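Remarks on the overall topology
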Amino acid sequence: MKRLFTAGVAALLCAGAASAEIRIAHVYGKTGPFEAYAKQSHDGLMLGLEYATDGSMEIDGEPIVVIEKDTQLKPDLGKAQLAEAYGDDDAHIAVGPVSSGVALAMLPVAEEYERLLIVEPAVADSITGENWNRYVFRTGRNSSQDAISNAVALGGEGVTIATLAQDYAFGRDGIAAFREALDGTGASIAHEEYVPTDTTDFTAAAERIFTAMKDIEGEKRLFIIWAGGGNPMSKIQAMDPSRFGIEIATGGNILAALTAYKELPGMEGATYYYYEIPQNPVNDWLVKEHMARFDSPPDFFTAGGMAAGIAVVEAIRKAGGAEDTEALIAAMEGMEFETPKGMMRFRPEDHQALQSMYHFRTEVQEDKDYGVPVLVREIGIDEMDIPVRNQ
């Protein structure tokens, strides 16, 4: 049985640097539009470190010290904070960030300092694609994993799809990967719409989508990729896309965002995590402990943060310590480790964690104030041909 997080351990994490300690920097957007994602990620990271060390927060007798850095979702600041973590704080491994734009700014810093950066939860394909370097690993899913799983869930012969996404790396990479993933499914994309990340009025964008789709015959879907506040689903649904035969579709999201899903019972898509879906001992522990400590279930990014924490501990154990970056890389390439989603595996070619995804259908349940993503089926690692994009 895993031991509970103790006051003594909490004090240890706040202690100053000691001679024999493992320093983990969490460089993430604590403040800004993705603050909710950041808190989940940090809570999950701490729970993962605790779980993997049986509550001791030590690896082979060396205490773990977690150093927090706030990127404020600013790429230049994220870059500086990571350099400070490696240089001034002598962090052995860094985890983060939340934003794909910040992650892309941080990647060269890991290469410059020759220290590991475990990317969680930033999603853009380019992180483990064209901008990747050998010091970068990612436990979070990438845009292709989101895209391929949603293509499996939504594609079909004669299906026509329009897309709406934010106009930055996460949105554009996501749609590019989704378009590629639809090849061979029989579905096609008729229109792509990109809007600024802070958009709140979706009238013009929706009208352009409706104009492009209204005269097309057959099954029609509007697939939305969105991160942060201002999710457009409710506002576009209020414009009655069904009058043009268009159904809204999207991937999974945090619990707060699922309130909009309650208006769309029967909507299908694919999700990275929902706490009731995975059935395994790690997720059982996470759900039980999170409910006990926070009086709420673990969320989307809590599971991801926990996966990163577990990966850190497993890698350091396998490498025989945290000091030798080359030994850590050798240990992590091909490494399999158990997470709240089940087994993940770091692919040697690009250090992307391969993992299952979940085809869901939204259901309204009396005890939930949001649309529940009920499992249709698990989409296993072997069912998704995730492209290697760093060649």
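Predicted model only: the values in this text are computed from it and were never measured.

Scanning the protein chain from N- to C-terminus turns up 11 helices and 16 strands. A compact globule built from 391 residues would reach a C-alpha radius of gyration of about 21 Å, and the protein chain, at 21 Å, matches this within 12%. Its C-alpha atoms give the protein chain principal-axis dimensions of roughly 70 × 45 × 35 Å. Across the 391 residues in the protein chain, those meeting the buried criterion constitute 59%. Restricting to contacts in the protein chain with at least 6 residues of sequence separation, those with at least 24 account for 70%. In the protein chain, 32 side chains carry a positive charge and 61 a negative one; their mean positions are 2 Å apart.

With that settled, consider the nonpolar core. Core analysis: the largest hydrophobic core is formed by 129 residues, its most contacted members being L49, L117, L164, I236 and I316. For this core, the element with the highest residue contribution is helix α10 (residues 300–319), accounting for 12 residues. Setting aside anything within four residues of it in sequence, one finds I316 in contact with I22, I24, I59, I93, G321, A322 and L328.

Here we take up the side chain of K341. Positionally, K341 belongs in the loop between β12 (336–339) and β13 (342–346). The side chain of K341 sits in the buried core without any salt bridge; D146 is the nearest counter-charge, 7.6 Å away. One polar contact links K341 to Q355, side chain to side chain, over a distance of 2.9 Å. Beyond its immediate chain neighbours, meaning those up to four positions away, K341 contacts Y272, Y273, P278, N280, Q355, S356, M357 and Y358.

Moving on: the sheet that holds strand β16 (residues 372–379). Strand order across the open sheet formed by three strands is β11-β15-β16, with antiparallel pairing between neighbours. Of all the strands in the sheet, the pair left with one neighbour each is β11 (268–271) and β16. Between one strand axis and the next, the sheet turns by 35° as a mean value, whatever way the strands run. In this sheet, β16 lies alongside strand β15 (residues 357–363) in antiparallel orientation, the contact comprising seven bridges. Bridged to H359 within β16 is R377. Sitting on the sheet, helix α5 (residues 143–154) is in contact with β11, β15 and β16, with an inclination near 150° to β11.

Bringing the side chain of Q145 into the picture now. Within the fold, Q145 resides in helix α5. Reaching out from Q145, the side chain makes a polar contact with the side chain of Q352 at a distance of 3.1 Å.

Attention shifts here to empty space enclosed by the protein. Scanning the entire structure with this criterion turns up two cavities of 30 Å³ or more. If you add up the space inside the largest cavity, you get close to 370 Å³. As for the largest cavity, its lining consists of 33 residues, and the residues nearest its centre are R141, D146, F170, W226 and G252. Looking at the lining of the largest cavity, the elements with two or more residues in it are α5, α6 (169–182), β9 (220–225), β11 and α10. For the lining of the largest cavity, the element with the most residues is α5, which contributes four residues.

Turning to the confidence of the model for the protein chain, a few remarks are in order. For the protein chain, per-residue confidence averages 93 on the pLDDT scale, and 95% of positions sit at 70 or higher. Scored below 50 in pLDDT, residues 1–19 shows 30 contacts in the model against residues more than four places distant or in partner chains.

Further remarks concern helix α7 (residues 203–213). Taken together, the buried positions of α7 are occupied by A205, A206, I209, F210 and M213. End-on view of α7: buried residues confined to an arc of 135°, all on one side of the axis. Those residues of α7 hidden inside the fold are in contact with β7 (160–166), β8 (188–195), β9, α8 (233–238) and β10 (246–250).

What follows is about the sheet that holds strand β1 (residues 22–28). Pairing within the open sheet is mixed, and its six strands lie in the order β2-β3-β1-β4-β5-β6. Every interior strand has two partners, whereas the edge strands, β2 (58–59) and β6 (136–138), have only one. When β1 meets strand β4 (residues 93–95), the two strands line up parallel, connected through three bridges. By the bridge assignment for β4, H26 is matched with V95.

For the rest of this paragraph, the subject is unusual backbone geometry. Cis peptide bonds are those with omega within 30 degrees of zero, and the linkage from G96 to P97 qualifies with -10°. In this structure, P121 follows E120 across a cis peptide bond, with omega equal to 5°. By secondary structure assignment, the location of P121 is in the loop between β5 (116–119) and β6. Of note, the phi angle at H351 is positive, near 65°, even though the residue is not glycine. Considering the arrangement of structural elements, one finds H351 in the loop between β13 and β14 (353–354). For H351, a relative accessible area of 0% corresponds to the buried category.

What follows is about the environment of E378. Among the structural elements, E378 can be located in strand β16. The exposure class assigned to E378 is partly exposed, which follows from its relative accessible area of 42%. The residues touching E378, leaving out its near neighbours within four places in the chain, are S356, M357, Y358 and E383. A distance of 2.7 Å separates the side chain of E378 from the side chain of S356, its partner in a polar contact.

Thresholds applied
Residues numbered from 1 in each chain as written. Predicted model: local features only at pLDDT ≥ 70, side-chain atom pairs only at ≥ 80, totals over all residues. Heavy atoms only, no water. Helix = DSSP H or I, 4+ residues; strand = E, 2+ residues; numbered from the N terminus. Rg over C-alpha atoms; globule rule 2.2 N^0.38 Å. Buried < 20%, exposed > 50% of the residue type's maximum accessible area, 1.4 Å probe, protein only. Contact = heavy atoms within 4.5 Å. Lys, Arg positive; Asp, Glu negative; His and termini not counted. Charge placed at Lys NZ, Arg CZ, Asp CG, Glu CD. Core = buried A, V, L, I, M, F, W, Y, C linked by side-chain atoms within 4.5 Å. Salt bridge = Lys/Arg side-chain N within 4 Å of Asp/Glu carboxyl O. Polar contact = N/O pair within 3.5 Å; in protein donor to acceptor, adjacent residues only side chain to side chain. Pairing = 2+ DSSP bridges. Axes fitted to C-alpha atoms, helices over the stretch in contact; angles between N-to-C directions. 1 Å grid on protein atoms, 1.4 Å probe; cavity = no way out; pocket = protein on both sides within 12 Å on 5 of 7 lines; lining within 4 Å. Points joined across faces, edges and corners; volume = space filled by probe spheres on them. pLDDT = per-residue confidence, 0-100. Arc of directions from axis to C-beta.

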